[in-house]
Amino acid sequence: MQRYLETPEQVLQELESTPQGLSAAEAEARLAKNGKNKLEEGKKDSLLKRFWKALCDPMIFMLLGAALISTATTVYQNVVQHENESYADLFIILFVVIINTVLSVVQEGKAAEAIDALMEMTAATSKVMRDGLIKVIRSEDVVVGDVVVLEAGDAVPADCRILESYSMKAEESALTGESVPVNKLVDALMLKDSQKDVPLGDRKNMLYSGSTVAYGRGTAVVTATGMDTEMGKIASALNMAEDEKTPLQKKLAALSKSLTKLVLGISIFVFLFGVAREIFFSPGETAVFSMILDTFIIAVALAVAAIPEGLPAVTTIILSIGVTSMSKRQALIRKLTAVETLGCTQIICSDKTGTLTQNKMTVVDTYTDDPLLLAKAMACCSDSKRGLGMHEAVGEPTENALVNHAHDLRLYKDELDETCPRIGEAPFDSIRKMMSTVHQEKDGIRQYTKGACEMLLQCCTGYVKDGQVLPMTEEYRQAVVRRNKEFADRALRVLGAAYRDWQAAPGDYAAETLEQQLIFIGFVGMIDPCRPEVYDAITECRSAGIRPVMITGDHRDTAVAIAKDLGIIKDESEAIEGAKLEDISDEELVEAVTRYSVYARVQPEHKTRIVRAWQARGMVVAMTGDGVNDAPSIKAADIGVGMGITGTDVTKGVSDMVLADDNFATIVNAVEEGRKIYDNVHKVVQFQLLTNLCEIVTVFAASMLGFKIFSAAHLLWINMVTDSAPGLALGMERAEEGLMKRKPRPADESLFSNGSGAVMLVQGIIMGVLIFFSFLFGEWLENGRWALTASADGTTMAFLTCNFSQMFSAFNNRSLTGSIFRMKHQNWWLWGALLWTIVLTCGVLFIPPLCRLFGLASISFKEFVIALGFAFINIPVSEIAKLIRKGKKKNADA
């Protein structure tokens, strides 16, 4: 339908809607009939397909193939040669492979569910008229006929026909490629001669899904939703971005590939060495073939068990768990990369109003010769509403304070809207720092303008005094500036007002037309108290090695007073105004940026320069913002932080994290969570590599000495029991004490830095040696000598030691630097994993059928205790390693 060729009234009639929107019941019925307002998503793999994909690993196929060949050989030996060989290995290998595959699919599913939950938490919302009232709903619940209320920074939720436009401009580059915002109008378009249709980019009375309002405000009726929108029509041709991987995930994927090659190399060597040994020392051809096959199965099983292919998936799960945890603390993560980067944050650049302060403005003082005129001007030039029976104004906090102030003087906003209706406006923007509205009053047309005093005074040619308009003088300007500073020194936010009378309605409502030849009325002083929790958050920032920086559009004196109160600065020399930044080159700013922690009267482009300057010094920077013009600086920052309450859709859309409560303390909480999550990932990585290393050492050493300790079934079982559950349990570890007293870690820090790689290597070798000694001890107890041959008791004790060594290693890794005996909290998830290991391991040892199936022996209590003792040695070894590492770090820092 060519809605752009029709008048607003015609469109509303055809859509069976009204300027006041739909009723809630009608909207619900249309939603049920036509479906959600969203593009079709790619079809997800079924559970069976995901299971098959997980099973289609080359190493798994090799293992299953070898197991089948082994089974065929066993059948031949039993049927033809009348031997009595067991089929246990085949059943165990099949069972473990299936269980591991199921666990892999479950983990993958959990990670996907967490990502879906993340998208759900940050779902877009829209303001629509329902039953004549403005309501905020999810954008996916918008239906055809809904009247959408739009202002600068809002994302357009669906294709719409404009009903009202007040200087509205839309950014439509995603659809049209036009880089400049397009002016929007209300009137119906006309086709030119021989023209059959109006090009998409020229439909100036339409708004389209995927665009954003760049300036002004207005209302529009929804004409198409979901796949019926212009964006939906080209959805199949859109290049959908792949899931973004965090730097850590990329590092772990690369590490997994490198370790895979290493493990495969070792496995191939183990196989070839075993083959050579069997050929030269084995008694007969059948036995040689059987032993070679057995060696091959062990080599492949070692590869399957020791290759850390699950590290990236486990990391994703831990990151996703962290996202959920952060959401409970009011920090909504939009990108997984933010979780990792938060732990590196060194600079937090924050807005003042609403983030450091409560954003609950109250007018406490005025400077004017006509208080009623000042109050009327401020109320008329505000979009906040306060009707009959309302105890507080509703809208933007600053304008709420102005409307409430007028209300206290018996100037009621709803009555002002009726007696002097608004007929035009020039919306506020952060460049002009002003807003103008034009009203039809009884005596004619009057314009009211409010904004920053220094900007407002530049547009004024007169001022109100004793009921008269006097010419503006430099003496009066200076008097205003002095009183303005007095207000600012009291930490008051200052806002001025002026007016202009017109003989007829202006020809246009551009700011350049309206904001000249104004008559200055006066200004108000408003207080916005600091958030009480921010004081502690600033202190915590300092102890964590993070520098808080205030960036505000407010007066320098106001900013300094609040920054001193919060402890951001100690002296006003640490503050600079945006105007002075204009005189500093980018190179000079890089040198000077460390001297300032307060930036006042800044323009949006200054924010980007400040971020770039800190980044040029190698710092990881977080930047908050709420307005449309803050988007570039938020995008430039390492961590872009959008405001959940006051933020526009544009800033939320480019941000990495959204603060649900617009609170600075939430950023600090998120940094703590980010550090904890990275710590936990580090612990899981170290644990899994350590346990895999000990298995490699054990099998490799036994192969070199000409015998085997573990069968393929043993290796796969150990991997299943001690890998997944303890790893995920470590990911649930709470933050360590003193976490926020550490300095931020470097963004490019390796997982093996500060000696952790060397410690892991040594501990892995020691674990392998202990398992080896456990085998030897079992063999000696069984045979009374060490012959380095097959020993059921030796294998059983080594099996037990290996299982519990890995569990004790998980407990050791609860802290990579501190003693586990000094930790003040318990990880009950890890205790649960220990119980899981105990039950399964003891079940295999003490249930006779399982014990025989695994080829293990029923060992004595003495052997059981000795095997546990070898495993327990890992705990003091780890404690000593931590002490040595701690001492070296202390010496290095000295």
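Here the residue numbers are simple positions, counted from 1 along each chain's written sequence. Totals for whole chains, interfaces and linings use all residues, but because this is a predicted model, local features are given only for residues with pLDDT of at least 70 and pairs of side-chain atoms are given and counted only at 80 or more. Side-chain metrics rest on all non-hydrogen atoms present in the structure, leaving aside hydrogens and water.

Focus: the overall build of the protein chain
Rule in force here: Numbered from the N terminus, helices here are DSSP runs of H or I no shorter than four residues, and strands are runs of E no shorter than two. Partly exposed describes any residue whose relative accessible area lies between the buried limit of under 20% and the exposed limit of over 50%, with all areas from a 1.4 Å probe on protein chains only and scaled to the type maximum. By definition, residues are in contact when any of their heavy atoms lie within 4.5 Å. A 1.4 Å probe and the Shrake-Rupley method give the accessible areas. Residues count as covered only by the protein chains that appear here.
A tally of regular secondary structure across the protein chain gives 33 helices and 23 strands. For the protein chain, buried positions account for 53% of its 894 residues. Put simply, 72% of the contacts in the protein chain that link residues at least 6 apart link residues at least 24 apart. As displayed, the protein chain has an accessible area near 40,500 Å², and 58% of this comes from carbon and sulfur atoms.

What about the nonpolar core?
Definition in use: Among buried residues, the Ala, Val, Leu, Ile, Met, Phe, Trp, Tyr and Cys ones that are joined through side-chain atoms within 4.5 Å form a nonpolar core.
Residues Ile 568, Met 657, Phe 664 and Phe 710 are the most contacted members of the largest nonpolar core, which totals 104 residues. Counting residues per element, this core draws most heavily on helix H25 (residues 664–704), at 17 residues. Counting 26 residues, the second largest nonpolar core, distinct from the first, contains Ala 379, Cys 381, Val 464 and Ala 497.

What about a nonpolar patch on the surface?
The condition that has to hold: Residues enter patches when their relative accessible area tops 30% and they take part in no salt bridge; the joining distance is 9 Å for like charges and 5 Å for the nonpolar side chains Val, Leu, Ile, Met, Phe, Trp and Tyr. In the sections that follow, a salt bridge refers to a side-chain nitrogen of Lys or Arg positioned within 4 Å of a carboxyl oxygen of Asp or Glu.
Taken together, the side chains of Leu 94, Ile 98, Val 102 and Val 106 present a nonpolar region at the surface, about 290 Å² in accessible area. Mapping Ile 98 onto the fold places it in helix H5 (residues 88–121). On the accessibility criterion, Ile 98 (43% relative accessible area) is partly exposed.

So, the pairing of strand E15 (residues 468–471)
Going by this rule: Any two strands with at least two DSSP bridges between them are considered paired.
As paired strands, strand E14 (residues 460–465) and E15 are joined by four bridges and run antiparallel to one another. Bridged to Val 464 within E15 is Val 469. Hairpin connection, E14 to E15: the antiparallel pair is bridged by two residues, and Asp 466 has positive phi, about 55°.

Describing empty space enclosed by the protein
Where we set the bar: The method works on a 1 Å grid over the protein atoms by themselves. A cavity is a set of points holding a 1.4 Å probe that cannot get out, a pocket is an open set with protein on both sides within 12 Å along at least five of seven lines, and residues with an atom within 4 Å of a point line them. Grid points are joined across faces, edges and corners, and a volume is the space filled by probe spheres set on the points. Charged means Asp, Glu, Lys or Arg here, nonpolar means Ala, Val, Leu, Ile, Met, Phe, Trp, Tyr, Cys or Pro, and polar covers whatever is left, Gly included.
Counted according to the given criterion, the structure contains one cavity of 30 Å³ or more. Lining the largest cavity are Gln 686, Leu 690, Val 759, Gln 763, Asn 812, Asn 813, Ser 815, Leu 816, Ser 878, Ala 881, Lys 882 and Arg 885. Counting residues per element, the ones that place at least two in the lining of the largest cavity are H25, helix H28 (756–783) and helix H33 (874–893). It is H33 that contributes the most residues to the lining of the largest cavity, four residues altogether. Among the residues forming the lining of the largest cavity, the class breakdown is four nonpolar, six polar and two charged.

Observations concerning the packing of helix H18 (residues 532–543) against H25
Basically, it comes down to this: Convention adopted: a line fitted to C-alpha atoms gives each axis, helices being fitted over their contacting stretch, and angles between N-to-C directions are expressed from 0 to 180 degrees. Each angle gets one of four labels, with under 35 degrees taken as roughly parallel, over 145 as roughly antiparallel, 65 to 115 as roughly perpendicular, and the rest as oblique. Two helices cross in a left-handed way if the nearer one is turned anticlockwise from the farther one by less than a right angle. They cross in a right-handed way if the turn is clockwise.
Here H18 crosses H25 at 40°, and the two axes come no closer than 8 Å. Between H18 and H25, the interaxial angle falls into the category oblique. Crossing of H18 against H25: the hand is left-handed. Contacts from Glu 533, Val 534, Ala 537, Ile 538, Glu 540 and Cys 541 in H18 reach Phe 664, Ala 665, Val 668 and Glu 672 in H25. Residues belonging to the contact of H18 with H25 are distributed by class as follows: seven nonpolar, no polar and three charged.

Points about the pattern of salt bridges
Applying the stated rule across the entire model yields 40 salt bridges. For Lys 485, the salt bridge is made with Asp 557, and the minimal N-O distance between the two is 3.8 Å. Of this pair, Lys 485 sits in helix H16 (residues 474–489) while Asp 557 is found in helix H19 (residues 556–566), placing the two residues 72 residues apart along the sequence. Judged by relative accessible area, which is 12%, Asp 557 ranks as buried.

Quick look at the state of the cysteines
Stated formally: When two cysteine sulfur atoms are found within 2.5 Å, that pair is recorded as a disulfide.
Considering all chains together, one arrives at zero disulfides under this definition. With no disulfide of its own, Cys 381 has Cys 380 as its nearest cysteine by sulfur position, at a separation of 8.5 Å. Given the relative accessible area of 0%, Cys 381 is considered buried.

Here we look at the packing of aromatic side chains
The condition that has to hold: Here is the rule: rings of Phe, Tyr and Trp (six-membered ring for Trp) pair when centre to centre is within 6.5 Å. Planes less than 30 degrees apart are stacked, more than 60 are edge-to-face, and the remainder are tilted.
Tallied over the entire structure, the rule returns 12 aromatic pairs. When the ring of Phe 808 is compared with that of Phe 872, the centres are 5.8 Å apart and the planes differ by 85°; the resulting orientation is edge-to-face. With Phe 808 in helix H29 (residues 792–812) and Phe 872 in helix H32 (residues 861–872), this pair connects stretches of sequence that are 64 residues apart. When its relative accessible area of 15% is taken as the criterion, Phe 808 is described as buried. Since its relative accessible area comes to 43%, Phe 872 is described here as partly exposed. Taken together, a centroid distance of 5.8 Å and an interplanar angle of 40° make the contact between Phe 846 and Phe 864 tilted. With Phe 846 in helix H30 (residues 828–846) and Phe 864 in helix H32, this residue pair connects regions lying 18 residues apart in the sequence. Assessed through its relative accessible area of 46%, Phe 846 is described here as partly exposed. Of the aromatic side chains, those joined through ring pairs into one cluster are Tyr 367, Phe 487 and Phe 523.

So, the environment of Asp 656
Counted only if it meets this: Distance and chemistry together define a polar contact, namely a pair of N or O atoms within 3.5 Å, with one atom able to donate a hydrogen and the other to accept it when in protein, and with adjacent residues in sequence counting only for side-chain atoms on both sides.
Here Asp 656 lies in the loop between helix H24 (649–654) and strand E23 (657–659). A C-alpha to C-alpha distance of 5.1 Å links Asp 656 and Gly 640, two positions 16 residues apart in sequence. Side-chain polar atoms of Asp 656 contact the backbone nitrogen of Gly 640, separated by 2.7 Å.

Section: the sheet that holds E23
Pairing is mixed across the open sheet formed by eight strands, whose spatial order is E8-E23-E22-E21-E9-E18-E20-E19. Two strands close off the open sheet at either side, each with one partner strand: strand E8 (331–333) and strand E19 (575–577). Put simply, the sheet's adjacent strands are angled 20° from each other on average, direction ignored. Contacts from helix H22 (residues 604–616) reach strand E9 (347–350), strand E18 (547–551), strand E20 (598–600) and strand E21 (621–625), with the element oriented near 170° to E21.

Details of helix H26 (residues 712–722)
In terms of burial, H26 is a largely internal element, 11 of the 11 residues being buried. When H26 is considered as a whole, its buried residues turn out to be Ala 712, Ala 713, His 714, Leu 715, Leu 716, Trp 717, Ile 718, Asn 719, Met 720, Val 721 and Thr 722.

Side note on the confidence of the model for the protein chain
For clarity, the cut-off: Confidence of the prediction at every residue is given by pLDDT, a number between 0 and 100.
Counting all residues, the mean pLDDT for the protein chain is 84, and 86% of those residues have values of 70 or more. pLDDT under 50 marks residues 236–243. Its contacts with residues more than four places away, or in other chains, come to one contact.

Focus on the side chain of Thr 698
Structurally, Thr 698 is set in helix H25. Apart from residues lying up to four places away in sequence, Thr 698 is in contact with Ile 709, Phe 710, Gly 768 and Ile 771.

With respect to unusual backbone geometry
A positive phi angle, close to 55°, is found at Ser 167, a residue other than glycine. With phi around 55°, Arg 601 is a residue other than glycine that occupies positive phi space.

Considerations on the environment of Pro 8
Within the secondary structure, Pro 8 is located in helix H1 (residues 8–14). The exposure class assigned to Pro 8 is buried, which follows from its relative accessible area of 12%. Taking the C-alpha atoms as reference points, Pro 8 and Ala 188, 180 residues apart in sequence, are found 7.7 Å from one another. Setting aside its immediate chain neighbours within four residues, Pro 8 contacts Arg 161, Ile 162, Leu 163 and Val 186.

What about the packing of H29 against H30?
Across the interface, H29 lies against H30 with an axial gap of 10 Å and an inter-helix angle of 175°. Viewed along their axes, H29 and H30 adopt a mutual orientation that is roughly antiparallel. From H29, Thr 796, Phe 799, Leu 800, Asn 803, Phe 804, Met 807, Ala 810 and Phe 811 reach across to H30, where they touch Leu 830, Trp 831, Ala 833, Leu 834, Thr 837, Ile 838, Thr 841, Val 844 and Leu 845.

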